[in-house]
There are 2 protein chains.
Amino acid sequence: MREIAVAGAGLVGSMLSVFLARRGYKVTIFERRADFRKSGGYGGRSINLALSSRGLRALALLGLDGKMREKALPMYGRRIHPVAGSEGYMPYGKEGQCIYSVSRSALNQVVLDAAEEAGVQVFFNSKIQQVDLKETQLQVSVDGGPTRVIKPDYLIGSDGAYSAVRAAFLQSDRFNFSQDYIEHGYKELSIPASANGQFQLKQDALHIWPRESFMMIALPNPDASFTCTLFFPFEGATSFAGLKTSDQVKSFFEKTFPDALQLMPDLLNEFHENPSSSLVTVKCYPWVKNRTLLIGDAAHAIVPFYGQGMNAGFEDCRIFNELLEYFKDDWEMVLPEFQRLRKPNADAVARLALDNFIEMRDLVSDPVFQLQKKIESRIHELYPERWTPLYSMVTFSDDINYADAYQTGQRQKQIMAKVLSQPEIAKNWEKLDFLSIAEQLQTP
Amino acid sequence: MREIAVAGAGLVGSMLSVFLARRGYKVTIFERRADFRKSGGYGGRSINLALSSRGLRALALLGLDGKMREKALPMYGRRIHPVAGSEGYMPYGKEGQCIYSVSRSALNQVVLDAAEEAGVQVFFNSKIQQVDLKETQLQVSVDGGPTRVIKPDYLIGSDGAYSAVRAAFLQSDRFNFSQDYIEHGYKELSIPASANGQFQLKQDALHIWPRESFMMIALPNPDASFTCTLFFPFEGATSFAGLKTSDQVKSFFEKTFPDALQLMPDLLNEFHENPSSSLVTVKCYPWVKNRTLLIGDAAHAIVPFYGQGMNAGFEDCRIFNELLEYFKDDWEMVLPEFQRLRKPNADAVARLALDNFIEMRDLVSDPVFQLQKKIESRIHELYPERWTPLYSMVTFSDDINYADAYQTGQRQKQIMAKVLSQPEIAKNWEKLDFLSIAEQLQTP
């Protein structure tokens, strides 16, 4: 029975371990942090996650989608909060299509419990001190104890954006690597349930306060609270650096998020206490050196604006499992094929995630963009085989490659730019020849 | 007297130390390697360098250009070796313009000797174990001795493409970083002097054997030998991986570099003994964290195909010195201004260096490209104020920013593409209206 060591008991490490253990591998996970199920604290990034079709497909394969749904809330669209005036609404897809708001820790528990049930051994408080890629060997200290040398048949680096396994790749020759921070950071805030335990905003959607150069969002939780995230520049006139005193924070929220401020009794405390965290895109290649593999955020960390980081990681696991099946567990075939297949998709979703920040913070409040969405969803309704909007290809498909979705999205953008440039389009859009628009996509 | 710690006694660290020591700073260099002047071995990259105007300007400011010239050989152009047929020649610039072939160790000795003469203290065999960017503090072990804690006023990381100081930047938040390897590596070979001590190829030029997807070059040395460098893919049909046995190497050289093979009696031995080294581009930002600065290759390592890596590093030193002068040694002004000024130029020269590989290995043997060079140098001759070829802006100017040179080069390329598309241009080029071509560059 081949032995697999997995670095990281996060979402991807845990899920991949379930797949591997169920295939009969002896899997051991080494996790740097304490067991969040016991300690209560979840040390990871805690942005609420938006689970969509790719993630769901992988969970369903493992029979875990039901457990996830118990802890998740469906969101059918975006509810848009202008500074003044009434809330707008943009559905994500067709009637009934939704993404799921779920806390990272709740979802992590689902996959980690399943890993242990499948016989995976998990060592928490494990510090990886050294990784030897030539010998496929790692030195680990568990609970501050003496260094143990582990010699698995294969090592999986699923230890996130700041991967310790990847650090060994960086020491090796000819490893391409980039990390790029955006100028915005994020800070978590909250909207609690009302005194009688009710949601204070509609719970069926992701709420956005788009403010062009920055934004706040809110995702519903099962306890009727909302987790808010302010995405905001670190430096400059309007920035974390510029909001220092409680008076500054309060008057900024009064001016910028007046409706939300009403619902945030603990704002000042949270604003001062919660960290302003950075947002990074990590790209690298190869993902495989000898018998060690990088996967998930360790291979391709992205910014959170498309809600695809975890979904892409879960899709990694599903595809890795399919390759094991296809190549009859011949890892020498699986490893190179996995990185060859997945790298272009990881690059594409990284771009999509960066682009979507602009869409969320700026375009969603633009009437032309709203019209474009309306026209595209009409085309999709009429000719679903010919035209699927980019958002739906990324979010509601579980088999269109990210790279193909990106390419098709670029062509759609060009076609729609021409459509939208027609005079009086806002008035006349219902009279468009939707079929001929859809056909343009087929004949590039 | 402010104390400056410099990591690395290479070209840039040594030169910057001369500038700083002469301004009155107390400068200490920590160099990982042994003193190459004593040990005889030079552990650094040993591609021969091509010193051009930017490097010369910095050396001349320090009065070191004379010493350099004693050890260098002028190269006035490229001598191009086809597989069969006679050698071609392309001058680099105008009559008399040249670049200098000099060994890295000879040039390093010039600047390092000057640093010691200026009172700089140099510790060799110094391992930097830790860098604390917040406290501007480093832990160093010299000659394997106990760890010393150094607390300089400012720390300069001039420790090359694999900088240990930069490793501390990588641990810090919001540091953008990329390292990109090209698919080619390089291997050093040699053409010795003849039995009676003569050059076996013309010594007034850089020799190129362009072979489209790869190339070999040769630079003259004062001892009448040539240092050859084969730039060659690591993997694939024609690659280092594909040339394993002596028979394979020999028959490849017979077929590909028949004239050179005649002059390389030690080829097989060198081919097997010398490493195949990789070629990387490093970009990062910021270059300054608190009171620590990255400079030279540590901030912006590039591939060697434009011969500008060292020239860019020496230009860094010259400009850093000018900023100290301008801001009256106020480092809080100098450091941010230095990175702001230099970053776009570092990015530009990185692109130029990558582009020039294609020019060297492929285009130099293309008749259309040769014609373009001829036309451009005619325009430059007639209207030197209006049109300077890209190569000359990069190589023979010491005051045109790399970024400006790159931009102008892009416009020149567009203009020349139109010129070269004219029918019968090879026959009629002398009848072109050179003034009107030159004027197009002024009115973009």
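Parameters and conventions
Residues numbered from 1 in each chain as written. Chains lettered and ligands numbered in written order. Predicted model: local features only at pLDDT ≥ 70, side-chain atom pairs only at ≥ 80, totals over all residues. Heavy atoms only, no water. Least-squares fit on C-alpha atoms with pLDDT ≥ 70 in both. Pairing = 2+ DSSP bridges. Helix = DSSP H or I, 4+ residues; strand = E, 2+ residues; numbered from the N terminus. Contact = heavy atoms within 4.5 Å. Axes fitted to C-alpha atoms, helices over the stretch in contact; angles between N-to-C directions. Buried area = accessible area lost by both parts, 1.4 Å probe. Salt bridge = Lys/Arg side-chain N within 4 Å of Asp/Glu carboxyl O. Domains from an automatic or database assignment. Buried < 20%, exposed > 50% of the residue type's maximum accessible area, 1.4 Å probe, protein only. Polar contact = N/O pair within 3.5 Å; in protein donor to acceptor, adjacent residues only side chain to side chain. Phe/Tyr/Trp six-rings, centres within 6.5 Å; stacked < 30°, edge-to-face > 60°. Lys NZ or Arg CZ within 6 Å of the ring centre and 35° of its normal. Arc of directions from axis to C-beta. Parallel < 35°, antiparallel > 145°, perpendicular 65-115°, else oblique. Left-handed = near helix turned anticlockwise from the far one by under 90°. Nonpolar A, V, L, I, M, F, W, Y, C, P; charged D, E, K, R; others polar.

In this arrangement, two copies of a chain are superimposed by a rotation about an axis accompanied by a shift along the axis. Under the fitted operation, chain A is carried onto chain B by 0.1 Å of movement along the axis and a turn of 180°, and the coordinates agree to an RMSD of 0.0 Å. A rotation of that kind, with that shift, is consistent with a two-fold axis. When each C-alpha of chain A is compared by its distance to the rotation axis, Ser-178 of chain A comes out closest, at 2.0 Å.

Residue and element names in this part refer to chain B. With respect to topology, six strands assemble into an open sheet ordered β8-β2-β1-β12-β19-β18, the strand pairing being mixed. The sheet is open, and its two borders are formed by β8 (121–123) and β18 (288–289), each paired with just one other strand. Pairing of strand β1 (residues 3–7) with strand β2 (residues 26–30), which is carried by five bridges, proceeds in the parallel orientation. Within β2, the position partnered with Glu-3 by the bridge is Lys-26. Against the sheet, helix α12 (residues 331–361) engages β1, β12 (154–157), β18 and β19 (292–294), with an angle of about 20° to β12.

The subject of this paragraph is the interface of chain A and chain B. With 14 residues of chain A at the contact, the number on the chain B side is 14 residues. Of the roughly 1,300 Å² buried between chain A and chain B, counting both surfaces, carbon and sulfur atoms make up 40%. Ranking the residues of chain A by area buried against chain B places Arg-174, Gln-179 and Tyr-181 of chain A at the top, with a combined share of 44%. Between Arg-174 of chain B and Glu-235 of chain A there is a salt bridge whose closest N-O contact spans 4.0 Å.

The next point concerns the domain arrangement of chain A. Along its sequence, chain A is carved into domain 1 (3–72 + 103–179 + 280–356), domain 2 (181–278) and domain 3 (366–440). One C-alpha centre belongs to domain 2 of chain A, the other to domain 3 of chain A; they are set 32 Å apart.

So, about the side chain of Arg-54 of chain B. Residue and element names in this part refer to chain B. Looking at the secondary structure, you find Arg-54 in helix α3 (residues 53–61). For Arg-54, a relative accessible area of 1% puts it in the buried group. Among the polar contacts listed, one links the side chain of Arg-54 to the side chain of Glu-315, at a separation of 2.9 Å. Other than its neighbours up to four places away in sequence, Arg-54 contacts Gln-308, Asn-311, Glu-315, Met-393, Val-394, Ser-397, Asp-398, Ile-400 and Tyr-402.

For the rest of this paragraph, the subject is unusual backbone geometry. The step from Tyr-285 of chain A to Pro-286 of chain A runs through a cis peptide bond, and the omega angle for that step is 0°. With respect to the helices and strands, Pro-286 of chain A occurs in the loop between β17 (277–285) and β18 (288–289). Despite not being glycine, Arg-174 of chain A has its phi angle at roughly 60°, a positive value. Note that Arg-174 of chain A resides in the loop between α6 (164–171) and β13 (176–191). Arg-174 of chain A gets classed as partly exposed once you look at its relative accessible area, which sits at 26%. Here the phi dihedral of Glu-212 of chain B falls at roughly 70°; this positive angle occurs in a residue that is not glycine. Turning to its location among the elements, Glu-212 of chain B is positioned in the loop between β14 (205–210) and β15 (215–220).

Enumeration over the complete set of coordinates arrives at 47 salt bridges over all chains. Ionic pairing is found between Lys-373 of chain A and Glu-359 of chain A, a salt bridge with its closest N-O pair at 3.2 Å. Placement of the pair is Lys-373 of chain A in helix α13 (residues 367–382) and Glu-359 of chain A in helix α12 (residues 331–361), with a sequence separation of 14 residues. The exposure class of Glu-359 of chain A is buried, given its relative accessible area of 13%. Here Arg-23 of chain B ties to Glu-325 of chain B by a salt bridge, and the two come within 2.9 Å at their closest N and O atoms. Taken together, the residues span a long stretch of sequence, with Arg-23 of chain B in the loop between α1 (11–22) and β2 and Glu-325 of chain B in helix α11 (residues 309–326) at a distance of 302 residues. Exposure remark for Arg-23 of chain B: the relative accessible area of 25% places this residue in the partly exposed category. A cluster of three or more residues bridged by salt bridges with shared partners is formed by Arg-54, Arg-57, Glu-315, Asp-316, Arg-318, Glu-322, Arg-342 and Asp-398 of chain A.

Time to look at the packing of aromatic side chains. Within this structure, the stated rule accounts for 61 aromatic pairs over all chains. Centroid distance Tyr-92 of chain A to Tyr-391 of chain A: 5.0 Å. Interplanar angle 5°. Geometry classified as stacked. Separated by 299 residues along the polypeptide, Tyr-92 of chain A in the loop between β6 (88–91) and β7 (99–102) and Tyr-391 of chain A in helix α14 (residues 390–395) bring together distant segments of the chain. Residues Tyr-92 of chain A and Tyr-391 of chain A agree in their burial class; the two are buried. Between Phe-214 of chain A and Phe-257 of chain A, the aromatic rings sit 6.2 Å apart at their centres with planes inclined by 85°, giving edge-to-face as the arrangement. Taken together, the residues Phe-214 of chain A in the loop between β14 (205–210) and β15 (215–220) and Phe-257 of chain A in the loop between α7 (246–256) and α8 (258–261) connect sequence positions 43 residues apart. Judged by its relative accessible area of 7%, Phe-214 of chain A is buried. Within the aromatic cluster, the residues linked to one another by ring pairs are Phe-214, Phe-232, Phe-234, Phe-240, Phe-252, Phe-253, Phe-257 and Phe-271 of chain A. When the ring centre of Phe-357 of chain A is taken as origin, the NZ or CZ atom of Arg-361 of chain A, which lies over that ring, is 4.6 Å away. For Arg-148 of chain B, the ring lying beneath its charged end belongs to Phe-123 of chain B, and the centroid distance is 5.0 Å.

Turning our attention to α7 of chain A. Residue and element names in this part refer to chain A. Buried within α7 are the following residues: Val-249, Phe-252, Phe-253 and Thr-256. One face of α7 carries all of its buried residues, which in axial projection span an arc of 95°. Exposed residues on α7 whose side chains face more than 90 degrees from its buried face are Asp-247 and Lys-255.

Attention now goes to the packing of α12 of chain B against helix α15 (residues 402–420) of chain B. To characterise two packed helices, one gives the angle between the axes of the helices and the distance between these axes. Residues and elements named next belong to chain B. Two elements in contact, α12 and α15, have axes whose closest approach is 7 Å; the angle formed by their N-to-C orientations is 50°. Viewed along their axes, α12 and α15 adopt a mutual orientation that is oblique. Of the residues in α15, those in contact with Arg-342, Pro-344, Asn-345, Ala-348, Val-349, Arg-351, Leu-352 and Asp-355 of α12 are Tyr-402, Ala-403 and Tyr-406.

In this fold, Lys-71 of chain B is placed in the loop between α4 (65–70) and β4 (73–75). Ignoring anything within four residues of it in the chain, the contact list for Lys-71 of chain B reads Ser-101, Val-102, Ala-106, Gln-109, Val-110 and Pro-222 of chain B.

Glancing now at the pairing of strand β5 (residues 77–80) of chain A. Residue and element names in this part refer to chain A. Here β5 pairs with β6 via four bridges, running antiparallel. Bridge pairing in β6 links Ile-80 to Gly-88. In terms of strand pairing, β5 meets β14 through four bridges, oriented parallel. Bridge pairing links Arg-79 to His-207 in β14.

Glancing now at the sheet that holds strand β9 (residues 126–132) of chain B. Strands in a sheet are paired, the pairing made by backbone hydrogen bonds, and the direction either parallel or antiparallel. All names here are of chain B. Read from one edge to the other, the open sheet built from three strands follows the order β9-β10-β11, with strand pairing classed as antiparallel. Strands at the two margins of the open sheet, each flanked by one partner only, are β9 and β11 (147–150). On average, adjacent strands in this sheet sit at an angle of 25° to one another, irrespective of strand direction. Sheet topology places strand β10 (residues 137–142) next to β11; four bridges connect them, and they run antiparallel. The partner of Leu-138 across the bridge, within β11, is Ile-150.

It is worth spelling out the packing of helix α13 (residues 367–382) of chain B against α15 of chain B at this point. All names here are of chain B. Between α13 and α15, the shortest axis-to-axis distance is 11 Å and the interhelical angle comes to 110°. If you check the angle between α13 and α15, you find them roughly perpendicular. In this structure, α13 meets α15 at a crossing whose hand is right-handed. Contact with α13, carried on its side by Val-368, Leu-371, Gln-372, Ile-375 and Glu-376, involves Gln-412, Met-416, Val-419 and Leu-420 of α15 and no other residues of that element. Across the contact of α13 with α15, the residue classes break down as six nonpolar, two polar and one charged.

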